[in-house]
There are 2 protein chains.
Amino acid sequence: MTSFPDWIAVDWGTSHVRVWLMTRDGQVLDRRDSDKGMGKLTRDQFAPTLAELLSDVPDASSCPVIICGMAGAQQGWVEAPYVATPCAPPGAEIATRVPETDWDVRILPGVKQMHPADVMRGEETQIAGLLLEDQNFEGTLCLPGTHNKWVRIKAGQVTEFRTFMTGEIFALISTQSVLRHSVNTTDHDQKAFEAALESAMADPSSIAANLFSLRAEGLLHGLPTDTARARLSALLIGAELAATRPFWQAEEVLILGEGDVARAYEAALAKAGGTARCVDAETLTLAGLKSAYAKLGKAAS
Amino acid sequence: MTSFPDWIAVDWGTSHVRVWLMTRDGQVLDRRDSDKGMGKLTRDQFAPTLAELLSDVPDASSCPVIICGMAGAQQGWVEAPYVATPCAPPGAEIATRVPETDWDVRILPGVKQMHPADVMRGEETQIAGLLLEDQNFEGTLCLPGTHNKWVRIKAGQVTEFRTFMTGEIFALISTQSVLRHSVNTTDHDQKAFEAALESAMADPSSIAANLFSLRAEGLLHGLPTDTARARLSALLIGAELAATRPFWQAEEVLILGEGDVARAYEAALAKAGGTARCVDAETLTLAGLKSAYAKLGKAAS
C-alpha cells in the first residue's frame, strides 16, 4: 500500500465478507475478501476476523468501519434493528455502534416490511448507492441472489418489496437432490432455457412434476445435462416471473446483480415480454457505503 | 422361528430395505428391516447385505427371493428394465434374474411412461397388490413419498402417471435451507395448514416468496414453528393439488401411504373439495410381492 486508509467499507454477507480500504474522498486503496461470512461465525469471531483481514494496515483500529449486510442480523455481530417501509435506505446516522471493541465500527440497519412480512439486509445499501448516482430514479429493481428481491422505489423511498427463495432452492436442488447428477455441468443451453420459461410461467403449479421429468428424461431419452440445468433454472425463474408480473410488466426493470444469475434474469425478462438492464451490484454496494460515510462525516461535524 | 420360510419377499428402496420371511401360502413368519437402502450400497454390496439380513435362516439360499424397488435401478444391484405404459403392473414372469449368485433372486421391473417422461420403481408392486385385492378397481391413486406419484388405473392397467418431487423438496427446505430453524418442530397446526393450502392452490407461482415469508414472519411477528411447518407443507402440497386437479376433482382418490404424510394428503384433498381414503402401503407391497410369487410358481409348474 502506498497510503493509509481513512476509513474501511465492509459488506458482510451470509457466506462472504468483502472489505475495501478507502480514502476520505472515495478512492479504493485495496480490496480483500474472505469466505468468513456471518453464517460461519459466532458473535465473538467477528472482531478477530475483521482484525485479521486488516492485519497489515497500520493504525487500522483508528479508522471508522462501516458495515452493511448480515453482520447486523440477530445471529450476527450486533443486531442493527430494521427500519420499516416506506423508508429511504437507512444511512450511517442510524447505524448501530458495536460496543465491545476499541474500534469505531458501525453496522447499517436492514429494512423490514410488516405486511406481507419481509426483510432485507445489504440490499438497502445497494439501493442507497443507486439513489446516490441517480437521485430521481423511480421504478422496479430486481436484486438476484440466494434470496432474490423485487423492490419498488418511489420518491427516494423503498415503498414495497418481495423476497423469493429461488436462488437457494436452485442451489439445494442442483447439489443435494435426485437431480444433482442430471444437472451436473457448467454449460448452459439458452434455447432450452427460453422454451422451458414459457411453460413454467403458464403452469407454475406443476413445477415439482416438471423437475422430476428432468430425471426421467435423462433416464428414458438421454436428456443432456446442460439442457436439464437450463430447464431447472427456467422452471424456478419462470414461476417467479409469473408471480412478479405486477412489478415488471409495465416498466423497465433495473437488475442489480452480477454474473450468470443477473444475465439469466435479464434474458428471462426479455423472453417474457419485459425489458431489463443490468447494473453492477458491487459498485452500488460500495457507493452506498460511501454515501453512509459521507453522512457520518456530516453528522460528526 | 418355528418353521422355515418357503420364499423371501423384499422391498429394496433408496433409503431402506424391508425383508419378509414367507410361507408358500402367504403367511409372514418374520419381518426385518435395515437402513441399507440402494442409495448407500455399491453393486457388490447387495448380496452380502441380503445374506446378513438372513444369516439366522437355515438354508436361506435355497429359497426364491423376490425383490421390488430401487435394487432394480441402473445404479442398483442388477438393472431390471422398465415396462412401458399402458401396462398391468409387471410380475415375476418378466423379473430379472440376478446372475452372480447361487441364490434364486429375481428383481421386478419398474414402469416407465415415455411422454411426459416418468418412471416408478416399487410403486407398481403396491398397485399389483391393490389389484389383487380389488381386481375391478378403476380410478386415481396417490402414492405419497419422497417422490409422490399420481396414477390412473383402467382395466387393470397403469394408463398414466405423474411424479412430483414434493416430498424431497419438503425435506431439503425443512432441514437445509434458511427455514430450517423456523420449522424445527414435530408439532402440527392443522388450522394453519388448511388456511395456507387454499392460498397456495390459488397462487402457486408465489411459492418461493411465500416460503421466505415464513422466515420473515418469524423475525417480525414471532410466527410459531408449528404454524410455519404446517404452512411449508401446505404451500408444497397446495401447488401439487392445483396441478393434479384432473386426477382428483371428479373421483375419489385412493391414497396408498403411511403415517403423517398420507394423512396430510387426505386432509388436503378434503379441504380442496376432493374425497380420499387411505390404504396401508406396506400391506399392499407385500400383497404385490405375494402375487409375483404366485405367478412365479405357475410359470415354473
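Below is a summary of the structure that appears in this document. (Residues numbered from 1 in each chain as written. Chains lettered and ligands numbered in written order. Predicted model: local features only at pLDDT ≥ 70, side-chain atom pairs only at ≥ 80, totals over all residues. Heavy atoms only, no water.)

## Here we look at the sheet that holds strand β12 (residues 157-164) of chain B
All names here are of chain B. A sheet is described by the order of its strands in space; here five strands give the open sequence β12-β11-β10-β13-β14, paired in mixed fashion. In this open sheet, the two strands that pair with only one neighbour each are β12 and β14 (276-280). Pairwise comparison of adjacent strand axes, ignoring direction, gives a mean angle of 25 degrees for this sheet. Two elements, strand β10 (residues 139-143) and strand β11 (residues 148-154), share five bridges in a ladder whose sense is antiparallel. Bridge pairing links Leu143 to Lys149 in β11. (Pairing = 2+ DSSP bridges. Helix = DSSP H or I, 4+ residues; strand = E, 2+ residues; numbered from the N terminus. Axes fitted to C-alpha atoms, helices over the stretch in contact; angles between N-to-C directions.)

## Some remarks on the layout of surface pockets
Counted as a void, the second largest pocket has a volume near 1500 Å³. Along its surface, the second largest pocket is lined by 42 residues, and A:Gly13, A:Thr14, A:Ser15, A:Met70 and A:Thr146 are the ones closest to its centre. If you list the elements that add at least two residues to the lining of the second largest pocket, you get β1 (7-12), β9 (118-120), α2 (123-133), β13 (253-257) and α9 (281-300) of chain A together with α5 (207-221) of chain B. The residue inventory of the lining of the second largest pocket, partitioned by class, reads 15 nonpolar, 18 polar and nine charged. (1 Å grid on protein atoms, 1.4 Å probe; cavity = no way out; pocket = protein on both sides within 12 Å on 5 of 7 lines; lining within 4 Å. Points joined across faces, edges and corners; volume = space filled by probe spheres on them. Nonpolar A, V, L, I, M, F, W, Y, C, P; charged D, E, K, R; others polar.)

## A word on the pairing of strand β4 (residues 65-69) of chain A
Residues and elements named next belong to chain A. In terms of residue burial, β4 counts as a mostly covered element, since five of its five residues are buried. Of the two faces of β4, the one holding Val65, Ile67 and Gly69 and the one holding Ile66 and Cys68 are both buried throughout. As judged from the five bridges shared by β1 and β4, these two strands associate in the parallel manner. Across the sheet, Val10 pairs through a bridge with Ile67, a residue of β4. Examined bridge by bridge, β4 and strand β7 (residues 105-107) share three bridges and lie parallel to one another. Within β7, the residue paired with Ile67 across the bridge is Ile107. (Buried < 20%, exposed > 50% of the residue type's maximum accessible area, 1.4 Å probe, protein only.)

## Focus: the packing of helix α3 (residues 166-176) of chain A against helix α6 (residues 225-243) of chain A
All names here are of chain A. Where α3 meets α6, the closest approach of the two axes is 10 Å, and the angle between their N-to-C directions is 155 degrees. The orientation of α3 with respect to α6, classified from their angle, is roughly antiparallel. Every pair of crossing elements has a handedness; the one defined by α3 and α6 is right-handed. From α3, Thr166, Ile169, Phe170, Ile173 and Ser174 reach across to α6, where they touch Arg229, Leu232, Ser233, Leu236, Ile237 and Glu240. Of the residues contributing to the contact of α3 with α6, the split by class is six nonpolar, three polar and two charged. (Parallel < 35°, antiparallel > 145°, perpendicular 65-115°, else oblique. Left-handed = near helix turned anticlockwise from the far one by under 90°. Contact = heavy atoms within 4.5 Å.)

## A closer look at helix α8 (residues 259-272) of chain B
Because an α-helix completes one turn every 3.6 residues, residues spaced three or four positions apart along the sequence face the same direction. All names here are of chain B. With 14 residues, α8 extends 20 Å between its outermost C-alpha atoms, agreeing within 8% with the 20 Å of an ideal straight helix rising 1.5 Å per residue. Every buried residue of α8 is listed here: Ala262, Ala264, Tyr265, Ala268 and Leu269. Taken around the axis of α8, the buried residues stretch over an arc of 155 degrees, which confines them to a single face. Residues of α8 that are exposed and point more than 90 degrees away from the buried face comprise Asp260, Arg263 and Ala270. (Expected span 1.5 Å × (residues − 1). Arc of directions from axis to C-beta.)

## Overview of unusual backbone geometry
Residues and elements named next belong to chain A. In this structure, Pro86 follows Thr85 across a cis peptide bond, with omega equal to -10 degrees. Tracing the backbone through its elements, the reader meets Pro86 in the loop between β5 (83-84) and β6 (96-97). A positive phi is found at Ala155, a non-glycine position, where the angle reads about 50 degrees. Inspection of the secondary structure puts Ala155 in the loop between β11 (148-154) and β12 (157-164).

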